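Coordinates in review
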Amino acid sequence: MNFLDLGLSEEIVDVLTNLGYTVPTEIQTKAIPLLIANKDVVGRSETGSGKTFAFGLPIIQNINREDETIQALVVCPTRELAMQDADEIKKVALPLGVRVCAVFGGSNLDRQIDALKRKPQIVVGTPGRIIDLLKRKALKIASTSKIVLDEADEMLDMGFRPDIEKILQNVAKQRQTILFSATIPDEIKEIIKTYQTDSVMVEVGTENKALDKIEQRYMFVDQKNKKEALKELFYSDIFDKTIVFVNTKHYAEDLERFLNKNKVSAKALHGDLRQSARTRVMKMFKDGKIDILIATDVAARGLDIKEVMYVVNFDLPNQLEFYVHRIGRTARAGKSGKVVDIITNLSQLSNLREIEKLTNAKILPYETNSENLKQYFVDTKKLAQQNNRFAKHGKNKSFGSSAFDNFDAERPNKKGRNLGDNKTNSKPYNKTKNSKSFDDKKHNFETKQNRNGKNRGAKRFDDSKNKMSKSNNTRQSYRKNDRNRFRDEGEDLLIFKTNKHSNKVLSAKEKSKNQQKQNYKNSQQRGKQSKNANKKWFSKFVK
């Protein structure tokens with residue numbers, strides 16, 4: 001079957017042929033005829049199956065090119081997915097004279113408003129920026145008759161449901177609502193029931209069909225050797241395009257610095273990067289200038305990058321559902337892929353068992369021929385046996401509260417005393433006849449010192465110390481009185497007083513000057529008095 005058999009126009013098929021697309025994918029074969037007939041469709045398919053053309057080609061065919069209003073709106077969870085969808089649709093739309101505009105956060109708002117003034121017929125955007133433009137009345141979708149929710153489950157996971165419902169309430173009531181999602185949770189079913197009319201479900205395989213082509217392995221290492229193990233992994237085994245997933249932006253930046261310092265070319269991609277930086281990093285990764293992309297879950301959602309062979313989970317996701325989205329970045333378009341999970345404790349190993357149930361796939365230990373990498377591996381069997389031994393001690397004995405405390409409580413030191421005897425719940429120490437308590441030893445030592453007269457100096461020191469404390473107390477009392485006196489004088493300076501010769505209010509600075517003048521006059525008077533007294537005293541001898 002070719003694209004003409006699906007009901008697409010010849011001009012669209014010619015454009016697809018020039019782009020190298022001749023045979024439609026399974027999701028395109030099932031969805032395109034229904035969407036051309038203006039049916040509400042719910043599509044579920046594996047990642048990289050050609051969903052963008054599945055809804056984009058029918059929209060382009062049904063666009064009225066003479067109408068300059070916005071006729072179709074595509075809503076995506078992330079900036080990267082919005083840019084990808086817009087670029088894919090433009091490949092077919094621009095040669096046919098259909099205008100397409102992309103709006104998303106992190107980019108210049110004024111430029112996007114200017115682009116909307118050029119009257120695009122298809123708008124692709126993220127929920128937050130669409131709501132912002134609606135509030136500014138720069139985006140008018142009251143007459144929009146087609147709306148697409150791409151990766152709807154991811155939008156709901158990111159908390160965009162209120163924004164999605166507000167957008168759906170602002171478009172035309174008589175519309176075609178198209179929804180594509182990797183999974184169909186209950187929230188998706190509620191949106192389908194509320195906002196779609198006689199919708200048709202289009203499924204391609206099962207939810208985990210793509211996971212069958214992914215080989216999943218795990219490495220158990222110490223936490224302190226985690227980054228070193230990742231470095232050796234790239235040194236010895238992985239030489240293809242790889243996405244390394246971390247849980248926070250700080251880990252992404254730290255890992256980028258560590259790998260680049262060890263001559264492993266890598267770039268970080270997280271939500272705090274500016275849109276220009278994100279675009280530059282993505283272009284470098286797609287063009288092959290870098291082979292390792294370190295990304296967070298939010299930044300990597302919806303990424304469609306060809307030839308990604310490996311996905312490395314440096315941190316296991318906080319939610320198990322994110323694991324499926326992560327590993328879906330590899331094995332795109334029917335190709336195979338590999339996943340390596342790096343774990344550091346037994347609880348993460350138990351989480352892997354839950355992931356096995358979720359993905360219906362077995363996750364086996366990682367195998368390598370590199371001795372440099374093997375040196376970081378931890379033997380999980382020995383670790384489990386050691387953990388069971390601690391648990392056994394904790395069950396049969398009642399020495400301590402934890403397994404490690406119990407183990408120490410039974411292990412004797414060189415002198416024969418148990419290491420756990422100082423714990424509250426440990427065995428009491430059996431005293432011998434010759435053993436003395438600490439208080440008895442202290443009393444004997446003090447009496448011996450007094451008998452030898454070696455405590456006299458200490459007594460004199462205590463007396464002098466008491467005297468110093470008394471003097472300190474008196475000094476503190478003087479200082480307290482001085483502080484009270486200075487405080488009172490400061491309060492007096494704040495009182496407004498007037499000069500006798502004028503009604504001018506004197507400030508504190510002027511009062512200080514007047515005080516200095518008065519002091520100077522008093523000193524002059526005292527000098528004159530002493531001078532007169534001296535004259536009288538000399539006059540006695542002159543006579």
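It should be noted that the structure appears before, not after, this text.
Definitions and cut-offs
Residues numbered from 1 in each chain as written. Predicted model: local features only at pLDDT ≥ 70, side-chain atom pairs only at ≥ 80, totals over all residues. Heavy atoms only, no water. Helix = DSSP H or I, 4+ residues; strand = E, 2+ residues; numbered from the N terminus. Contact = heavy atoms within 4.5 Å. Areas by Shrake-Rupley, 256 points an atom, 1.4 Å probe, with all protein chains shown as cover. Pairing = 2+ DSSP bridges. Axes fitted to C-alpha atoms, helices over the stretch in contact; angles between N-to-C directions. Phe/Tyr/Trp six-rings, centres within 6.5 Å; stacked < 30°, edge-to-face > 60°. Buried < 20%, exposed > 50% of the residue type's maximum accessible area, 1.4 Å probe, protein only. Core = buried A, V, L, I, M, F, W, Y, C linked by side-chain atoms within 4.5 Å. Right-handed = clockwise from strand over helix to strand, strands pointing away.

Considerations on the overall build of the protein
- Across its full length, the protein holds 21 helices and 14 strands.
- Within the protein, residue pairs in contact and separated by at least 24 positions form 71% of the contacts whose partners lie at least 6 positions apart.
- As displayed, the protein offers around 32600 Å² of accessible surface, 48% of which is attributable to carbon and sulfur atoms.

Points about the sheet that holds strand S3 (residues 100-103)
- Taken in spatial order, the 7 strands of this open sheet run S3-S4-S2-S5-S6-S1-S7, and their pairing is parallel. Strands with a single pairing partner mark the edges of an open sheet, and in this sheet they are S3 and strand S7 (200-203). Neighbour to neighbour, the strand axes of the sheet diverge by 15 degrees on average, direction disregarded.
- Across 4 bridges, the pairing between strand S2 (residues 72-75) and strand S4 (residues 122-125) is parallel. Paired with valine 74 across the two strands is valine 124, which belongs to S4.
- Of the strands in this sheet, S2, S3 and S4 touch helix H4 (residues 79-93), which is tilted by about 160 degrees from S4.

Considering the packing of aromatic side chains
- Applying the stated criterion across every chain, the model contains 2 aromatic pairs.
- Relative to phenylalanine 53, the ring of tyrosine 21 has its centre 5.1 Å away and its plane inclined at 80 degrees; by these criteria the two rings are edge-to-face. Residue tyrosine 21 is found in the loop between helix H1 (10-19) and helix H2 (26-36), and its partner phenylalanine 53 is found in helix H3 (residues 51-62); the two are separated by 32 residues along the sequence.
- Judged by relative accessible area, which is 28%, tyrosine 21 ranks as partly exposed.
- Phenylalanine 53 sits in the buried class, given a relative accessible area of 6%.

Focus on the sheet that holds strand S11 (residues 292-295)
- Spatially, 7 strands are ordered S10-S11-S9-S12-S13-S8-S14 in an open sheet, and the strand pairing comes out parallel. Only two strands of the sheet have a single partner each, and these edge strands are strand S10 (266-269) and strand S14 (364-365).
- Pairing of S10 with S11 involves 4 bridges; the strand directions are parallel. In the sheet register, alanine 266 faces S11, and the bridge partner there is isoleucine 292.

Things to note about the environment of isoleucine 122
- Secondary-structure assignment places isoleucine 122 in strand S4.
- Taking the relative accessible area as the measure of exposure, isoleucine 122 reaches 1% and is therefore buried.
- Taking the C-alpha atoms as reference, isoleucine 122 lies 9.8 Å from glycine 56; in sequence the two are 66 residues apart.
- The residues contacting isoleucine 122, other than those within four sequence positions of it, are Ile59, Ile60, Ile63, Ala72, Ile89, Val98, Arg99, Val100 and Cys101.

Considerations on the environment of valine 103
- The topology assignment puts valine 103 in strand S3.
- Overall, valine 103 belongs to the buried group, its relative accessible area being 0%.
- In sequence terms valine 103 and alanine 82 are 21 residues apart; their C-alpha atoms lie 7.9 Å from each other.
- Excluding residues within four positions of it along the chain, valine 103 makes contact with Gln112, Leu116, Val123, Val124, Gly125, Thr126, Arg129, Ile130 and Leu133.

Comments concerning the nonpolar core
- In this structure, Leu8, Phe55, Leu57, Ile60, Val92, Ile122 and Val124 are the most contacted members of the largest nonpolar core, which totals 41 residues.
- Those elements that place two or more of their residues in this core are H1, H2, H3, S2, H4, S3, S4 and strand S6 (176-180).
- Setting aside chain neighbours within four positions, we find leucine 8 in contact with Phe3, Val13, Leu16, Ile32, Ile36, Leu57 and Gln61.
- Formed by 33 residues, the second largest nonpolar core is a distinct cluster that contains Ile70, Ile131, Ile164 and Ile188.

Some details on the pairing of S3
- The alternating pattern of S3 places Val100 and Ala102 on one face and Cys101 and Val103 on the opposite face, and all of these are buried.
- Pairing between S3 and S4: 4 bridges, direction parallel. Bridge pairing in S4 places alanine 102 opposite valine 124.
- In terms of handedness, the path from S3 via helix H5 (residues 109-117) over to S4 forms a crossover that is right-handed.

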